[in-house]
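The primary structure of each chain is shown beneath.
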Amino acid sequence: MTATTEPTDRVLVITRVFDAPREAVFRAWTDPAQARQWMGPRGFTTTHNENDGRVGGRWRLCLRRDATGEELWQGGVNREIVVPERLVFTFAWDGENGRPGPETLVTITFAESGGKTTMTFRQAVFDTTSNRDGHQGGWNSTFDRLEEFLRT
């Protein structure tokens, strides 16, 4: 493996089409009040969401597991923001010691066609394939909730 090659087995790519204009989908991601309503897989509630919506600005989010009340914190730094086309940010869960766990880079693109938005979500590079697989389930459930939110 060279420095320019990623281990493709630890890269997650999810493409979804939403029946909404891309400005609305982009805003659902970048407006903390909107994101709080859909962010997180089923069975979780977003209890805290802040985002300094500038390049270099930090974001922070807490998901509460509804069944147990367990809090799962995550955060990162905004690397690129191109309204309403592209978001790039780092992502790391808080470890048990309060320090960030393994960091990944999330890149989301939004393309509109015929009033619908194709969102391509890419997260890389995971430390393990099982971690990638766990995130795939969580993100797909989250994007189901985003689809429902955009219909309201």
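Attention in this report is confined to the structure presented alongside it.

Take helix H3 (residues 129-151) next. Look at H3: 33 Å from first C-alpha to last across 23 residues, which is about the 33 Å you get at 1.5 Å a residue. All buried positions along H3 are accounted for by Arg 132, His 135, Gly 138, Trp 139, Ser 141, Thr 142, Phe 143, Arg 145, Leu 146, Phe 149 and Leu 150. Where H3 is buried, its residues touch strand S1 (12-18), helix H1 (22-30), helix H2 (32-38), strand S2 (44-51), strand S5 (86-93) and strand S7 (116-124).

With that settled, consider the packing of H1 against H3. Closest axis-to-axis distance for the H1/H3 pair is 11 Å, and the angle between their directions is 120°. Accordingly, the angle class assigned to the pair H1 and H3 is oblique. Pair H1 / H3 crosses with right-handed handedness. Contact residues: Ala 24, Val 25, Ala 28 and Trp 29 in H1; Trp 139, Phe 143, Leu 146, Phe 149 and Leu 150 in H3.

The geometry of two aromatic rings is summed up by the distance between their centres and the angle between their planes. Tallied over the entire structure, the rule returns 12 aromatic pairs. Taking the centre distance of 4.6 Å and the plane angle of 50° together, the rings of Phe 121 and Trp 139 count as tilted. Here Phe 121, found in strand S7, pairs with Trp 139, found in helix H3; they are 18 residues apart in sequence, far enough to count as distant. Each residue in the set Trp 29, Trp 38, Trp 59, Phe 89, Phe 91, Trp 93, Phe 121, Trp 139 and Phe 143 is aromatic and connected to the rest through ring pairs, giving one cluster.

This brings us to the pairing of S1. Here S1 shows one buried face, formed by Leu 12, Ile 14, Arg 16 and Phe 18, and one open face, formed by Val 13, Thr 15 and Val 17. Of the pairings in the sheet, the one linking S1 to S7 comprises 7 bridges and is antiparallel in character. Paired with Thr 15 across the bridge in S7 is Thr 120.

What follows covers the sheet that holds S2. Ordered in space as S1-S7-S6-S5-S4-S3-S2, the 7 strands form an open sheet in which the pairing is antiparallel. Strands at the two margins of the open sheet, each flanked by one partner only, are S1 and S2. Mean inter-strand twist for the sheet, computed between neighbouring axes without regard to direction, equals 20°. Pairing of S5 with strand S6 (residues 104-113) involves 6 bridges; the strand directions are antiparallel. Paired with Phe 91 across the bridge in S6 is Thr 104. The sheet contacts of H1 involve S1, strand S4 (71-82), S5, S6 and S7, and relative to S6 the element is tilted by about 155°.

Attention shifts here to the pairing of S7. Here S6 pairs with S7 via 9 bridges, running antiparallel. Across the sheet, the residue bridging to Ile 108 is Phe 121, located in S7.

Most often, soluble globular proteins keep nonpolar side chains buried together rather than apart. Of all hydrophobic cores here, the largest spans 29 residues; its most connected members are Trp 29, Ile 108, Met 119, Phe 121, Trp 139 and Leu 146. Secondary structure elements with two or more residues in this core: S1, H1, H2, strand S3 (58-65), S5, S6, S7 and H3. Broken down by element, the residue count for this core peaks at 5 residues, all from H3. When residues no more than four places from it in sequence are discounted, the contact partners of Trp 139 are Leu 12, Ile 14, Trp 29, Met 39, Phe 91, Phe 121 and Gln 123.

Rules used in this analysis
- Residues numbered from 1 in each chain as written.
- Predicted model: local features only at pLDDT ≥ 70, side-chain atom pairs only at ≥ 80, totals over all residues.
- Heavy atoms only, no water.
- Helix = DSSP H or I, 4+ residues; strand = E, 2+ residues; numbered from the N terminus.
- Expected span 1.5 Å × (residues − 1).
- Buried < 20%, exposed > 50% of the residue type's maximum accessible area, 1.4 Å probe, protein only.
- Contact = heavy atoms within 4.5 Å.
- Axes fitted to C-alpha atoms, helices over the stretch in contact; angles between N-to-C directions.
- Parallel < 35°, antiparallel > 145°, perpendicular 65-115°, else oblique.
- Left-handed = near helix turned anticlockwise from the far one by under 90°.
- Phe/Tyr/Trp six-rings, centres within 6.5 Å; stacked < 30°, edge-to-face > 60°.
- Pairing = 2+ DSSP bridges.
- Core = buried A, V, L, I, M, F, W, Y, C linked by side-chain atoms within 4.5 Å.

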